[in-house]
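# Structural overview
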Amino acid sequence: MSILTSSDRVAGAASVGRTKRLRPSYWPFIVPALIVVVGVIVFPWVFTLWMSAMEWRIGEEQRFVGLQNYIRLATDLRFLEAMGHTLVYTALSVAAPLVLGTAAALAFNTKLPARGLLRGIFVMPMMATPVAIALVWTMMFHPQLGVLNYLLSQVGIGPLQWVYHPSTVILSLVLVETWQWTPLVMLIVLGGLASLPTEPYESAQIDGANAWQRFRYLTLPMIGPFLMVAVIIRSIDALKSFDILYTITQGGPGTASETINLYLYSVAFTYYDIGYGSAIAVVFFVLIILLSLILLHLRQRSAWNSGDGK
Amino acid sequence: MSRPLRTLLDKIGMAVCVLLLVSPALLFFVWMLSLSLKFEIDNGAYPPILIPERFAWKNYTTIFEGNSFLLYFWNSVIVTGAATLFALVVGVPAGYGIARMRAHKSAVVIMIARMTPGLSFLIPLFLLFQWMGLLGTLWPQIIIHLVVTVPIVIWIMIGYFETTPMELEEAAMVDGATRWQIFAKVALPIAKPGIVVAFILSVIFSWNNFVFGIVLASRETRTLPVAVYNMLSFEQVSWGPLAAAALVVTLPVLILTVAAQRQIVAGLTAGAVKGG
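Per chain, residue numbering runs from 1 following the sequence as it is written. Key to labels: chains lettered from A, ligands numbered from 1, both in the order written. Residue-level local features of this predicted model are given only where pLDDT is at least 70; pairs of side-chain atoms are given and counted only at 80 or more, and the full residue set underlies all totals for whole chains, interfaces and linings.

## Regarding the overall build of chain A
The secondary structure content of chain A amounts to 15 helices and 2 strands. Using C-beta atoms placed from the backbone, we call a residue buried if 20 or more other C-beta atoms fall within 10 Å of its own, exposed if 12 or fewer do, and partly exposed for counts in between. Looking at chain A as a whole, 42% of its 310 residues are labelled buried. A pair of residues counts as a contact when their C-beta atoms, built from backbone coordinates, are within 7 Å of each other. In chain A, once contacts between residues fewer than 6 apart in sequence are set aside, the share between residues at least 24 apart is 70%. Secondary structure follows DSSP: runs of H or I at least 4 residues long count as helices, runs of E at least 2 residues long count as strands, and numbering of each begins at the N terminus.

Now the structure itself:
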């Protein structure tokens, strides 16, 4: 990065190219934010890494144990179980909103009356306070008094135990997550649809392609990169999901819906086992980064057309 | 089938589709409102009642009596307000600097920050706040909410300043204005819509944050999401007041969402950000 002195810049203002001219040191603009980012973001990363190599419980003497926490993690059945829950929960919480969100985007991409208002209502679930909506979902899941079992009984299904039974708890939570985050996928795909060229559709019309063919062979390949962006963002958020899970089940019944994030919370802030909790945090973080890198790599391979996302 | 009829049918079909798509959100919030306005006996009724004969307005008055709800509301306002204002003060210039230096690589830090689970910031900062003796005040929460608000503001402002025209700035530079003058007098006024987007999203994600509060808040420093969660766990659970409290907590956000949906959509699709 070229940093010119201020006299250089003034003297060269008229002649030097625009990139060079506007590049000079903007450091003073960035430094305050840099201090904040180092303090609340970078410092915690480094400190967590360090703590993960310690035997560290609140109120006790700390000592260095090297990789011992990580070895303990590899044989911790509760952690491995939580990892399984996390992967299932994430896979479903990516797939369902992806399909529904794409369908919603196709519907919203038409000339609708009151489109703005409808879109505003549609995005409400993702903006609403998670704890507040989780409380209402808890009431709706109630096996005897909940409205969901009543609705199911009207079509002859149920009653289900929803979040109160190990076999249905993860699916029930995925339902909430899908309800909450389908709008985000919709917004991303809608952005993609808005950028599509119209010519291919005109020629397809002339060739007599039907709506499904136009979607399958024109729209879908062209919005591919946007779908990849949606998958990446959705995967990260589903992996990190906390508020909904913690409020509705706290990982229960038993540990049937305990994800890595919830287990991390228990270890660090219920048992105050800071060192071990930090090791979980590090592994969890590495997992998220790895997944993102894999998805980014896939995205690069799929981004072969002009309708590229970001 | 004749052509006008066909387009009419298409339109009706589309309208039905969209109604189907909007109804999960709409019905949920209608049901939330219904729960919050019913007496216990109506909330326990089977089959469920949507519109009761008598409205339980007292659900709303009870949450403001005896629950220190006003205090918690005020805590939320202070934490969200301070974290957002501070993020704007440091984040808007930073977004400008990064955009003008074309230092896009530095935005990777912001991306990774967004990927990091909130809990992994919480462990080290919790220890730091304990060591500094700040626990029990609002400071830990204000500071840790910067983890949410600062990346949002920087991310959106980088994107925004990259799209603003440079001609005016170049002209001002030729006229001998300093960088700060150009920023304050030229760039900032043009960037107002971007700042509004950053402000709205920062407020919403900070307001909604729960995980930082459950660890860092003491009895007097709870924010609203933590307070409403505690109503669930520590008191005799009655649905009416609980739903009313949940609605009060999220109502400011819902109003903001519908009122500023255009800005929110623009901001979310630009950075696809989410806090926490």
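After that view, the rundown keeps rolling.
## Concerning the overall build of chain B
A tally of helices and strands in chain B yields 14 helices and 0 strands. Mapped from its N terminus to its C terminus, chain B presents α and β elements in the order α-α-α-α-α-α-α-α-α-α-α-α-α-α. Computation of the radius of gyration draws on C-alpha atoms, with the globule rule given as 2.2 Å multiplied by the number of residues to the power 0.38. Computed over the C-alpha atoms, the radius of gyration of chain B is 23 Å, more than 25% above the 19 Å expected from 2.2 N^0.38 for a compact globule of 276 residues. Projecting the C-alpha coordinates of chain B onto the three principal axes gives extents of approximately 75 × 75 × 30 Å. Split into buried and exposed, the 276 residues of chain B put 48% on the buried side. Put simply, of all contacts in chain B between residues at least 6 apart along the chain, 79% involve residues at least 24 apart.

## Here we look at the interface of chain B and chain A
Taken together, the contact between chain B and chain A spans 76 residues of the former and 71 residues of the latter. Among the elements that line the side of chain B that touches chain A, the one with the most residues is helix α1 (residues 3-36) of chain B, at 12 residues. Partitioning the side of chain B that touches chain A into residue classes produces 60 nonpolar, 11 polar and 5 charged. Gly is put with the polar residues, along with every residue not named as nonpolar or charged; the nonpolar set is Ala, Val, Leu, Ile, Met, Phe, Trp, Tyr, Cys and Pro, and the charged set is Asp, Glu, Lys and Arg.

## Some thoughts on the domain arrangement of chain B
Residues and elements named next belong to chain B. Each assigned domain of chain B is listed here: domain 1 (24-56) and domain 2 (59-271). With 10 residues of domain 1 in contact, the opposing surface of domain 2 contributes 8 residues. With 4 residues, the top contributor of residues to the side of domain 1 that touches domain 2 is α1. Residues belonging to the side of domain 1 that touches domain 2 are distributed by class as follows: 6 nonpolar, 2 polar and 2 charged. Domain segmentation is taken from an automatic or database assignment of domains.

## Concerning the confidence of the model for chain B
Fine structural detail should not be taken from predicted coordinates in areas where pLDDT scores are low. Residues and elements named next belong to chain B. Confidence of the predictor at the level of single residues is captured by pLDDT, which takes values from 0 to 100. When pLDDT is averaged along chain B, the result is 87, and 94% of the positions lie at 70 or above. Element-level pLDDT for chain B is lowest in helix α14 (residues 261-271), with a mean of 79, against a maximum mean of 94 in helix α4 (residues 69-101). On the interface metric, ipTM, the complex scores 0.90, and its pTM is 0.88.

## As for the packing of helix α5 (residues 77-108) of chain A against helix α12 (residues 224-240) of chain A
All names here are of chain A. Angles shown run from 0 to 180 degrees and are taken between the N-to-C directions of axes, each axis being a line fitted to C-alpha atoms and, for helices, limited to the stretch in contact. At a minimum axis distance of 9 Å, the contact between α5 and α12 shows a crossing angle of 140°. For the pair α5 and α12, the crossing hand works out as right-handed. Of α12, the residues touching α5 (which contributes T86, Y89, T90, S93, V94, P97, L98 and G101) are L227, A230, V231, R234, S235, A238 and L239. Looking at the contact of α5 with α12, its residues break down into 9 nonpolar, 5 polar and 1 charged. Crossing chirality is assigned from the near helix's rotation relative to the far helix, an anticlockwise turn below a right angle marking it left-handed and a clockwise turn marking it right-handed.

## As for helix α6 (residues 118-132) of chain B
Residue and element names in this part refer to chain B. For α6, which comprises 15 residues, the first-to-last C-alpha distance of 21 Å matches the rise-based estimate of 21 Å (1.5 Å per residue) to within 8%. Within the span of α6, buried status applies to G118, L119, S120, F121, L122, I123, P124, L125, F126 and F129. The positive-phi residue at the C-terminal boundary of α6 is G133, with phi of around 70°. In this scheme, a helix's expected span is set at 1.5 Å multiplied by one less than its residue total.

## What to know about the nonpolar core
Side chains of nonpolar character tend, in soluble globular proteins, to be buried together. Throughout this description, the term nonpolar core refers to a group of buried Ala, Val, Leu, Ile, Met, Phe, Trp, Tyr and Cys residues whose C-beta atoms join them within 7 Å. Formed by 165 residues in total, the largest nonpolar core has its most connected members in V136, V189, L264 and I280 of chain A together with M157, V228 and A246 of chain B. A domain-level breakdown of this core finds at least three residues from each of domain 1 (24-56) and domain 2 (59-271) of chain B. Discounting chain neighbours no more than four positions away, the residues touching M157 of chain B are G91, V92, G95, Y96, G194 and A198 of chain B.

## What about the environment of G136 of chain B?
Residue and element names in this part refer to chain B. Relative to the assigned elements, G136 resides in the loop between α6 and α7 (139-163). In this structure, the C-alpha to C-alpha distance between G136 and G118, residues 18 residues apart in sequence, is 20 Å. When residues no more than four places from it in sequence are discounted, the contact partners of G136 are S218 and T221.

## Comments concerning helix α5 (residues 107-115) of chain B
Because an α-helix packs 3.6 residues into every turn, residues spaced three or four apart end up facing the same way. Among the residues making up α5 of chain B, those that are buried are I110, A113 and R114 of chain B. Angularly, the buried residues of α5 of chain B cover 100° about the axis, an arc narrow enough to put them on a single face. Buried positions along α5 of chain B lie against α3 (27-51) of chain A together with α7 of chain B. The arc in question is the one traced by the directions running from the helix axis out to the C-beta atoms.

## Side note on the environment of V88 of chain A
Residues and elements named next belong to chain A. Relative to the assigned elements, V88 resides in helix α5. What makes V88 partly exposed here is the crowd of 15 C-beta atoms within 10 Å. As a C-alpha pair, V88 and T259 span 171 residues in sequence and 9.7 Å in three-dimensional space.

## Section: the packing of α4 of chain B against helix α10 (residues 192-208) of chain B
All names here are of chain B. Across the interface, α4 lies against α10 with an axial gap of 9 Å and an inter-helix angle of 145°. Seen from above, α4 lies across α10 with right-handed handedness. Residues S76, V79, T80, A83, T84, A87, L88 and V92 of α4 lie in contact with α10, whose contacting residues are I195, A198, F199, S202, V203, S206 and W207. Considering only residue class, the contact of α4 with α10 consists of 10 nonpolar, 5 polar and no charged.

## Some points on unusual backbone geometry
Residues and elements named next belong to chain A. For the bond from G252 to P253, the omega torsion is -5°, close enough to zero to count as cis. Mapping P253 onto the fold places it in the loop between α13 (243-248) and α14 (260-270). Located in the positive-phi region is W162, a residue other than glycine, with phi close to 45°. As for its placement among the helices and strands, W162 is situated in the loop between α8 (147-154) and α9 (169-194). Look at Q250: it is not a glycine, yet its phi comes out positive at around 50°. By the element assignment, Q250 lies in the loop between α13 and α14. Residue class for Q250 comes out partly exposed when judged on the 15 C-beta atoms lying within 10 Å of it.

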